[in-house]
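Structural characterization, general
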Amino acid sequence: MIYVIEYAISGRAKCAWCGDVIEKDSLRIGKRFPSGFGDYSANLTTKWYHANHFFDHFSVRTSDLEGYDLLTRADQKWVLVQLRKTLPHAGI
Ligand SMILES: [Zn+2]
């Protein structure tokens with residue numbers, strides 16, 4: 001599984017958890033998976049989540065989040081706080 005974290009480049013994607021639109025420039029997390037059979041690398045589909053909804057329901061590490069290094073320091077900190085909630089023993 002591949003995860004990506006970024007600022008929404010448009011306001012069109014909907015959160016796969018709550019169904020609401022993810023506002024442009026807000027933090028979102030995508031879960032990428034093969035959209036079908038065959039060549040995995042060529043057919044990745046992304047499901048987007050509001051960052052807070054993602055962390056409510058999935059446990060990941062920063063090393064699983066592509067794009068984490070590109071976030072602002074403040075948002076990196078926020079992400080770490082969320083991860084501590086979901087992974088109390090991860091030692092991060
Ligand atoms: Zn949501």
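Described below are features of the structure shown in this document. (Residues numbered from 1 in each chain as written. Predicted model: local features only at pLDDT ≥ 70, side-chain atom pairs only at ≥ 80, totals over all residues.)

1. Observations regarding the pairing of strand E1 (residues 2-7)
Rule in force here: Paired strands, as defined in this entry, are two strands with at least two bridges between them according to DSSP. Each helix is a run of DSSP H or I of at least 4 residues and each strand a run of E of at least 2, with the numbering of both proceeding from the N terminus.
Of the strand pairs in this sheet, E1 and strand E2 (residues 27-34) are connected by 6 bridges, and their pairing is antiparallel. Across the sheet, residue Ile2 finds its bridge partner in E2, namely Arg32.

2. Regarding the nonpolar core
Cut-off, in case you're wondering: We define the nonpolar core as any set of buried residues of the types Ala, Val, Leu, Ile, Met, Phe, Trp, Tyr and Cys, connected via C-beta atoms lying within 7 Å of each other. Every C-beta atom is placed from the backbone, and the number of other C-beta atoms within 10 Å of a residue's own sets its class: buried at 20 or more, exposed at 12 or fewer, partly exposed in between. We call two residues in contact when their backbone-placed C-beta atoms lie within 7 Å.
One finds Ile5, Ile22, Leu27, Ile29, Trp48, Tyr49, Ala51, Phe54, Val60 and Leu65 forming the largest nonpolar core, which totals 10 residues. Looking at this core, the elements with two or more residues in it are E2, strand E3 (44-50) and helix H1 (51-57). With residues near it in sequence (within four places) discarded, Ile22 still touches Ala8, Ala13, Lys14, Cys15, Arg28, Trp48 and His50.

3. Focus: the environment of His50
Mapped onto the elements of the fold, His50 is located in strand E3. Accessibility expressed as a C-beta count within 10 Å gives 23 for His50, which makes it buried. Aside from chain neighbours lying at most four places away, what touches His50 is Cys15, Cys18, Ile22 and Arg28.

4. Let's talk about unusual backbone geometry
With a phi close to 75 degrees, Asp25 is a non-glycine residue in the positive phi region. Along the chain, Asp25 turns up in the loop between E1 and E2.

5. Thoughts on the sheet that holds E1
With mixed pairing, the 4 strands of this open sheet are ordered in space as E3-E2-E1-E4. Here the strands that pair on one side only, and so sit at the sheet edges, are E3 and strand E4 (65-66). The sheet contact formed by E1 and E4 spans 2 bridges and is parallel. Within the sheet, the bridge partner assigned to Tyr3 lies in E4 and is Leu65.

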